[in-house]
Amino acid sequence: FNWGSFAGFWSAYWGVRRLGATVYSGGGLNTEMRLKQIVELKPTVLLSTPTYALAMVEKAKEMGMDLTKTSIQWTYHAGEPGGNVPTTRRAIEEAWGAKAYELYGVAEIGAIAPGCPLQTGVHLAEDQAYATVVNPETGTPVGEGEVGENVVTSYIQFSQPIIKYRTHDLVRLVKKRCECGRTWILFEGGVLGRTDHMINLKGTNVYPTAVEALLGDVRGLTSHYEIHVARGRSGDELTVKVEAQPDNPAERYGELKRQAEQLLYERIMARIAVEIQAPGTLPRYELKAKRFFDHRQH
């Protein structure tokens, strides 16, 4: 990653330094140069957003490079959901030949929840923070295993007090001892979405991460997608733009559209329009990907 102001990257840098490990900086390099750096310096861990890990896969294919034969054994992702979305995680692991994990952090608070070794979600570091999961509309706590907004109080944030901080992140809190041996709270499945990205389609709550997971089940589609929400005559309307894999001819796009729309309706029980895009059509991002576009205010 480049050396900008994104707090997640700086916390990763100092975390690695404190472990006594070596940091190979990707600052000032483009994707091709970073891939060549991996071959030359042989790091064992890749730190990036999940979106950028998949963008590196595309560039590696252009270069004729097999990432499964590199030194990378683990990939760790933050900044956006994806590391705990099964289809996205599987795409990263298969392409890199490595195990993929997610780190949940909030810029104002820090990296508060490392990934579970069993990849079931992330564990809240309870020596650093206390969390309450609430109904985002009423503010009342939800039951264990129910989805709600993560509200955090930090024990270690001395630069600015963080008390009952509303993160807008949707999580499912589980308190029982995890099979990995940890007794820390588990946010099952990691961050499931954002309260400000939730869409209500005729009474059904739709989360972008759920759409991402389902698109991964349609053979022939990639993990590059955008979600567009607009105001229609009978309420909000949702359109998903998703790229087809390069080996799919344009004449098959209609079938991919039908499969995707049918799967989304069967699993979410809401009508969602799907537009199949040609490979390379949608933008690529090195930092957080912009995938949610709200046109209701225009």
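As a reminder, the structure under discussion sits directly above these lines.
What you see is a predicted model, and the numbers here were worked out from it, not measured in a lab. (Residues numbered from 1 in each chain as written. Predicted model: local features only at pLDDT ≥ 70, side-chain atom pairs only at ≥ 80, totals over all residues. Heavy atoms only, no water.)

J.: How do you make sense of the overall build of the chain when you look at a structure like this?
T.: Of the regular secondary structure elements, the chain holds 6 helices and 17 strands. What you see for the chain is a C-alpha radius of gyration of 20 Å, in line with the 19 Å of a compact globule of 298 residues. The principal-axis extent of the C-alpha atoms belonging to the chain is close to 55 × 55 × 40 Å. For the chain, contacts bridging at least 24 residues in sequence account for 61% of all contacts bridging at least 6. One finds the centroid of the 34 positive side-chain charges in the chain at a distance of 1 Å from the centroid of its 34 negative side-chain charges. (Helix = DSSP H or I, 4+ residues; strand = E, 2+ residues; numbered from the N terminus. Rg over C-alpha atoms; globule rule 2.2 N^0.38 Å. Contact = heavy atoms within 4.5 Å. Lys, Arg positive; Asp, Glu negative; His and termini not counted. Charge placed at Lys NZ, Arg CZ, Asp CG, Glu CD.)

J.: Looking at this model, I keep getting lost on helix 5 (residues 208–215). Mind explaining?
T.: Since there are 3.6 residues in each turn of an α-helix, residues three or four apart along the chain are aligned in direction. Along helix 5, 6 of the 8 residues are buried, which leaves the element largely enclosed by surrounding structure. Among the residues making up helix 5, those that are buried are Pro 208, Thr 209, Val 211, Glu 212, Leu 214 and Leu 215. (Buried < 20%, exposed > 50% of the residue type's maximum accessible area, 1.4 Å probe, protein only.)

J.: Please clarify how the sheet that holds strand 16 (residues 273–277) should be interpreted in this entry.
T.: Pairing between the strands of a sheet comes from backbone hydrogen bonds, and it takes one of two forms, parallel or antiparallel. Spatial ordering of the open sheet is given by 16-15-14-17, a layout of 4 strands whose pairing is mixed. In the strand order of this sheet, the two ends are held by strand 16 and strand 17 (292–294), each with one partner. Averaged over all pairs of adjacent strands, the angle between their axes in this sheet comes to 20 degrees, without regard to strand direction. By the bridge criterion, 9 bridges tie strand 14 (residues 221–232) to strand 15 (residues 235–244) in an arrangement that is antiparallel. Bridge pairing in strand 15 places Ala 230 opposite Glu 237. Each of strand 14, strand 15 and strand 17 is contacted by helix 5, which is oriented at about 140 degrees to strand 14, the strand it contacts most. Where helix 6 (residues 253–268) meets the sheet, its contacts fall on strand 14, strand 15 and strand 16, and the angle it forms with strand 16 comes to roughly 145 degrees. (Pairing = 2+ DSSP bridges. Axes fitted to C-alpha atoms, helices over the stretch in contact; angles between N-to-C directions.)

J.: Would you mind going over unusual backbone geometry with me for this structure?
T.: Peptide bonds are, in most cases, trans, and in most cases residues other than glycine have a negative phi. We note that Lys 42 has phi near 55 degrees; this positive angle belongs to a residue other than glycine. The topology assignment puts Lys 42 in the loop between helix 2 (31–41) and strand 1 (45–48). One non-glycine residue, Lys 164, lies in the positive phi region at around 50 degrees. In this fold, Lys 164 is placed in the loop between strand 8 (147–154) and strand 9 (165–174).

J.: I tried to follow the sheet that holds strand 2 (residues 74–77) on my own but got confused; where do I start?
T.: The 3 strands are arranged 1-2-3 in an open sheet whose pairing can be described as parallel. Pairing within the sheet leaves two strands with one partner each, and these edge strands are strand 1 and strand 3 (99–102). On average, each strand axis in the sheet is inclined to that of its neighbour by 20 degrees, with strand direction left out of account. By the bridge criterion, 4 bridges tie strand 1 to strand 2 in an arrangement that is parallel. Bridging across to strand 2, Leu 47 finds its partner in Tyr 76. Sheet strands touched by helix 4 (residues 86–96): strand 1, strand 2 and strand 3. Its angle to strand 3, the strand with the most contacts, is close to 140 degrees.

J.: What is the right way to read the layout of surface pockets from this model?
T.: Taken as a whole, the second largest pocket holds about 820 Å³ of empty space. Along the wall of the second largest pocket there are 31 residues; nearest its centre are Ala 91, Leu 221, Thr 222, Ser 223 and Gln 245. Every element with two or more residues in the lining of the second largest pocket is listed here: helix 3 (50–62), helix 4, helix 5, strand 14 and strand 15. Ranked by residues supplied to the lining of the second largest pocket, first place goes to helix 4 with 6 residues. For the lining of the second largest pocket, a count of residues per class yields 11 nonpolar, 9 polar and 11 charged. (1 Å grid on protein atoms, 1.4 Å probe; cavity = no way out; pocket = protein on both sides within 12 Å on 5 of 7 lines; lining within 4 Å. Points joined across faces, edges and corners; volume = space filled by probe spheres on them. Nonpolar A, V, L, I, M, F, W, Y, C, P; charged D, E, K, R; others polar.)

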